[in-house]
Amino acid sequence: MKPEQKEKLVAFLNRYSLIFHYLLACVVCFVIEIISRHSFIGAFKFTFDRGLAFLYNSMIVFTSLHLVYFFRRRALMRTVISVAWLFLGTINGCILAKRVTPFTYTDVKLINDLFTMQSNYFSNGEALAVILLVAFVLAGIIVLWKKGPKYQGKQNRFASIGAIGIFAFFIPMVTQAAVSNNILADYFENIAQGYEDYGFVYSFSASVMDQGMTAPRDYSQETVDEALSRVNTEASDSNELPNIICVLLESFVDPKEINFLNFSENPTPNFDHLYNNYSSGYLTVPVVGAGTANTEFEILTGMGMKYFGLGEYPYKTILKSTSCESIASDLGTNLGYGTHVVHNNGGNFYSRKNAFTQMGFDSFISKEMMNIQEYTPLGTWPTDDILIGEVEKALNSTEQQDFVYAITVQGHGAYPTEKVIENPEITVTGAENEAKNNEWEYYVNQIHEVDKFIANLTDMLSKREEKTVVVLFGDHLPTMGLTDEDMKSQSIFNTKYVTWNNFGMQKVNQNLTSYQLLAAITEQANIHEGTMFSLHQSGSYQITEDYSRDMELLQYDILYGKRYAYQGEDLYPASDLQMGVQDVTLERVETLEDGLHIYGTNFTPWSKVFVNDTRISTSFISDSELKISTSHFSDGVNTLVVNQMGSSETIFRTSNEISYLKPLIDTPHPSEEIPVDDTTENTPNSIDKAVNGNRTEKPAQQEDSLEQPDTPEQTDSAEPQAENGDSIQQTAPEQTNTTANPTDASAANGN
């Protein structure tokens, strides 16, 4: 192009830049919809079937493009802003390829969890492709910055500020008008459907702006008191209170509820037995395919996710720094229960350690406290059978009645499209193609194993001479693209719950929401405690307008308001949560040819030795033996302690301290020693398995190089160590200062 022609084109584009900006905004939105829907035709239908919603999405992008008028490198800024929107849309498309729930602002706060879950959802090839794409885009932006054109005309920044101000003023008015005319919606009952109906740009923007809870219009001391006056005040029957075991079954759905699937035999006979003989029903949960923490929040607090912002995770927002009344604080404070959590996944994932502290739990047995050896056939998740012994440990840790909340993981996705289990117990047919059938067959066989876990758990509890009631529920459907029409219940938000007890509780069949579940179960046990749970009991589990209004008022008051319900006090403060219920102890050390062996109790693969306050490479041998190199010791007396390590170098629990006297005799040069590798959790994903010969055996704990992270599976969130209750925890048994004599290689406990 000749210079004169180029100059004329630039002048023309600058003169009509607003028009071209809007056209660019439309193109960006259309491309985003193609990526999000994984379909050009789907994006085309949205553009024309819901044209006004599409134009509104484009207006949001158009408004953001006004920022280019503050810069002379306008071409660069147009590119940066457009790429930013396209990048968000691409993230949404990638996420929707792996789960049902689309990308929201809260996911940004879960970015550490996303990276730690990478091996379970994304292959190394996919991760590499993303890195290369980002590098390519950044390179292009750098080139444009160096060689791109500059605007040579007069800049009118005041006009730009005024234009943005006008848009900022009118967009809320336009939004409200669009909502009033059903062009848009300000609440998505089904977030996935909401994104599909109203577009990614609007929906994601709404998730940014709509955080927390908005104060009800009539919120006051008087309205809270009126709501409380309608709450049941019946006293609990404190005679022979039962243990209460609440079990979240990850991604669990009764496979027989799926219309198109066929099975060689019943995958869930034990679940069916409980469903038919004890209190049971459908459970309406707030999420589909992902978002376990939000179902969990409703279960434990009796509060509803429908009153929060779009796509919010309270664990990552309000509960980061605010205490919250829960079933744990209600039973613990009011009735003296011991309250425990048991989970065969990382203690920091979803910020659970912090959240359970804010909810008032006494203890949390996470995977870092467990000697996990058995994994699913893919090797991506621990099996659930280990939870039976851990639940029993929690029950044995106190003399009084206990509430134990157990969280399983065996049913978790992703599920392989290739055949992994060569001779499955349950064969599955009916899916649309072989790849889908392989996914369903793998999933159903894992659910079959979970069903065996249910039988073994109730068998263990039946042998204890304690009154006990158990409630088990599915947190959400698996990420398998199910629709309402696929389900016998006609809703993808319906799972099932079942119960078991050993003291003759009457069978009650009723369908409940997840925030009502524990209110109903405790009511059947003649327990009437807690602000929210008593509200649900008073409403007979019927959702009416008055009931919903009272629920919103009390929920806002407790979490965001002035706590009129508590007379302005903090009646249920955060607890001093203890990680694990058994002490980690050091007893003696012994120098052998391959290193220093440390003997004690309750070691796990997450046990790491600290010598003189410095963490060193630790090889896990058994729950009573660890191994380290002798090269880390200073001359004279050294201190040894074992810490149970979570993600981000968080210390969950600390052993007693012993001393080790380094011998004065010549020791091998470090280069001559046999290296001691740091034990890590071996959880290869399906891609790794294909590379490694499609192994189907369950992997054992492996010894990997020191440079590897503690848990390659990395299913922990990387929470800051000192933020809002996620600080380093060093609760330890009374410290004993024991010196190990290298002559006899043993240590006697003593001060």
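A brief look at the structure comes next. Values in this document were obtained by computation on a predicted structure and should not be read as measured data. (Residues numbered from 1 in each chain as written. Predicted model: local features only at pLDDT ≥ 70, side-chain atom pairs only at ≥ 80, totals over all residues. Heavy atoms only, no water.)

1. Observations concerning the sheet that holds strand E6 (residues 402-407)
- Read from one edge to the other, the open sheet built from nine strands follows the order E10-E3-E9-E8-E1-E6-E4-E5-E11, with strand pairing classed as mixed. Edge positions in the sheet fall to strand E10 (512-513) and strand E11 (578-579), since each of these pairs with one other strand and no more.
- Where strand E4 (residues 338-343) lies against E6, six bridges are found, and the strand directions are parallel. Bridge pairing links His 343 to Ile 407 in E6.
- The sheet contacts of helix H18 (residues 386-396) involve strand E1 (243-249), E4, strand E5 (363-365) and E6, and relative to E6 the element is tilted by about 160°. (Pairing = 2+ DSSP bridges. Helix = DSSP H or I, 4+ residues; strand = E, 2+ residues; numbered from the N terminus. Contact = heavy atoms within 4.5 Å. Axes fitted to C-alpha atoms, helices over the stretch in contact; angles between N-to-C directions.)

2. Observations concerning the pairing of strand E3 (residues 280-284)
- With five bridges connecting them, E3 and strand E9 (residues 494-501) associate as antiparallel partners. Bridging across to E9, Tyr 282 finds its partner in Lys 496.

3. Considerations on the nonpolar core
- Ranked by internal contacts, the top residues of the largest apolar core, which has 127 residues, are Phe 297, Leu 300, Tyr 315, Phe 356, Phe 361, Phe 403 and Tyr 405.
- Tallying contributions element by element places helix H19 (residues 434-462) first for this core, with eleven residues.
- Apart from residues no more than four positions distant in its own chain, Phe 356 is found in contact with Glu 296, Leu 300, Tyr 315, Val 341, Phe 361, Phe 364, Tyr 405, Ile 407, Ser 575 and Leu 577.
- Within the second largest apolar cluster, 38 residues are counted, among which are Cys 29, Met 59, Val 61 and Leu 184. (Core = buried A, V, L, I, M, F, W, Y, C linked by side-chain atoms within 4.5 Å. Buried < 20%, exposed > 50% of the residue type's maximum accessible area, 1.4 Å probe, protein only.)

4. Examining the sheet that holds strand E12 (residues 585-592)
- If you trace the four strands from one edge of the open sheet to the other, you get E12-E13-E17-E16, paired in antiparallel fashion. Two strands close off the open sheet at either side, each with one partner strand: E12 and strand E16 (619-622). Going across the sheet, the axis of each strand differs from the next one's by a mean of 25°, ignoring polarity.
- As paired elements, E16 and strand E17 (residues 625-628) share three bridges and run antiparallel to each other. Each bridged residue has a counterpart across the sheet, and for Ser 622 the counterpart in E17 is Glu 625.

5. Description of the environment of Ile 166
- Examined against the element boundaries, Ile 166 turns out to sit in helix H10 (residues 157-180).
- Overall, the relative accessible area of 49% leaves Ile 166 in the partly exposed class.
- Once the C-alpha coordinates of Ile 166 and Thr 63 are considered, the two residues, 103 residues apart in sequence, prove to be 10.0 Å apart.

6. So, helix H5 (residues 74-96)
- With 23 residues, H5 extends 33 Å between its outermost C-alpha atoms, agreeing within 8% with the 33 Å of an ideal straight helix rising 1.5 Å per residue.
- Of the residues making up H5, those classed as buried are Arg 74, Leu 76, Met 77, Ile 81, Ser 82, Trp 85, Gly 89, Asn 92, Gly 93 and Ile 95. (Expected span 1.5 Å × (residues − 1).)

7. A word on the environment of Val 470
- One can find Val 470 in strand E8 (residues 468-474).
- Along the chain, Val 470 and Asn 243 lie 227 residues apart, while their C-alpha atoms are 8.3 Å from each other.
- With residues up to four places along the chain from it excluded, the contact list for Val 470 reads Ile 245, Val 247, Leu 461, Val 498, Thr 499 and Trp 500.

8. Let's talk about a negative patch on the surface
- Taken together, the side chains of Asp 218, Glu 222, Asp 225 and Glu 226 present a region of like negative charge at the surface.
- Note that Asp 225 resides in helix H13 (residues 221-229).
- Since its relative accessible area comes to 37%, Asp 225 is described here as partly exposed. (Patch = residues over 30% accessible without salt bridge, like charges linked within 9 Å, V, L, I, M, F, W, Y side chains within 5 Å. Areas by Shrake-Rupley, 256 points an atom, 1.4 Å probe, with all protein chains shown as cover. Salt bridge = Lys/Arg side-chain N within 4 Å of Asp/Glu carboxyl O. Lys, Arg positive; Asp, Glu negative; His and termini not counted. Charge placed at Lys NZ, Arg CZ, Asp CG, Glu CD.)

9. Topic: the packing of helix H4 (residues 51-64) against helix H12 (residues 200-209)
- Packing of H4 against H12 brings their axes to within 8 Å, and their N-to-C directions diverge by 60°. Between H4 and H12, the residues in contact are Tyr 56, Asn 57, Ile 60 and Val 61 and Phe 200, Val 201, Tyr 202 and Ser 205, respectively.
- Taken together, the residues that form the contact of H4 with H12 break down as six nonpolar, two polar and no charged. (Nonpolar A, V, L, I, M, F, W, Y, C, P; charged D, E, K, R; others polar.)

10. A short note on the packing of helix H20 (residues 517-524) against helix H21 (residues 531-538)
- Look at H20 against H21: their axes get within 9 Å of each other, and the N-to-C directions meet at 75°. Judged on the interaxial angle alone, H21 and H20 are roughly perpendicular. On H21, the residues that touch Leu 518, Ala 519, Thr 522 and Glu 523 of H20 are Phe 533, His 536 and Gln 537.
- Tallied by class, the residues present in the contact of H20 with H21 amount to three nonpolar, three polar and one charged. (Parallel < 35°, antiparallel > 145°, perpendicular 65-115°, else oblique.)

11. Regarding the pattern of salt bridges
- Tallied over the entire structure, the rule returns 22 salt bridges.
- Across the salt bridge formed by Lys 496 and Asp 254, the nearest N and O atoms sit 3.2 Å from each other. With Lys 496 in strand E9 and Asp 254 in the loop between E1 and strand E2 (262-263), the pair connects residues that are 242 residues apart, well separated along the chain. Accessibility classification places Lys 496 together with Asp 254 in one group, the buried group.
- Ionic pairing is found between Arg 588 and Glu 590, a salt bridge with its closest N-O pair at 3.3 Å.
- When its relative accessible area of 23% is taken as the criterion, Glu 590 is described as partly exposed.
- Through salt bridges with shared partners, one network takes in Asp 254, Lys 256, Glu 257, Asp 272 and Lys 496.

12. Side note on unusual backbone geometry
- Cis peptide bonds are those with omega within 30 degrees of zero, and the linkage from Gly 413 to Ala 414 qualifies with 5°.
- The topology assignment puts Ala 414 in the loop between E6 and strand E7 (428-429).
- The residue Asn 612 is not glycine, and still its phi comes out positive at about 50°.
- Here Asn 612 shows up in the loop between strand E14 (607-611) and strand E15 (614-615).
- Here Asn 612 falls in the partly exposed class, since its relative accessible area comes to 30%.

13. Describing the packing of aromatic side chains
- Counted by the stated rule, this structure contains 27 aromatic pairs.
- On the numbers, 5.0 Å between centres and 80° between planes, the contact of Tyr 219 with Tyr 556 is edge-to-face. Of the two residues, Tyr 219 sits in the loop between H12 and H13 while Tyr 556 sits in helix H22 (residues 545-559), which places them 337 residues apart along the sequence.
- Overall, Tyr 219 belongs to the buried group, its relative accessible area being 17%.
- Taking 5.4 Å as the distance between ring centres and 35° as the angle between the ring planes, the aromatic pair formed by Tyr 219 and Tyr 564 counts as tilted. With Tyr 219 in the loop between H12 and H13 and Tyr 564 in the loop between H22 and E11, this pair connects stretches of sequence that are 345 residues apart.
- Ring pairs connect the aromatic residues Tyr 219, Phe 297, Phe 308, Tyr 556, Tyr 560 and Tyr 564, which therefore count as one cluster. (Phe/Tyr/Trp six-rings, centres within 6.5 Å; stacked < 30°, edge-to-face > 60°.)

14. Considerations on helix H15 (residues 292-301)
- Within H15, ten of the ten residues are buried, which leaves it mostly tucked inside the rest of the structure.
- Backbone geometry just downstream of H15 places Gly 302 in the positive-phi region, at approximately 75°.

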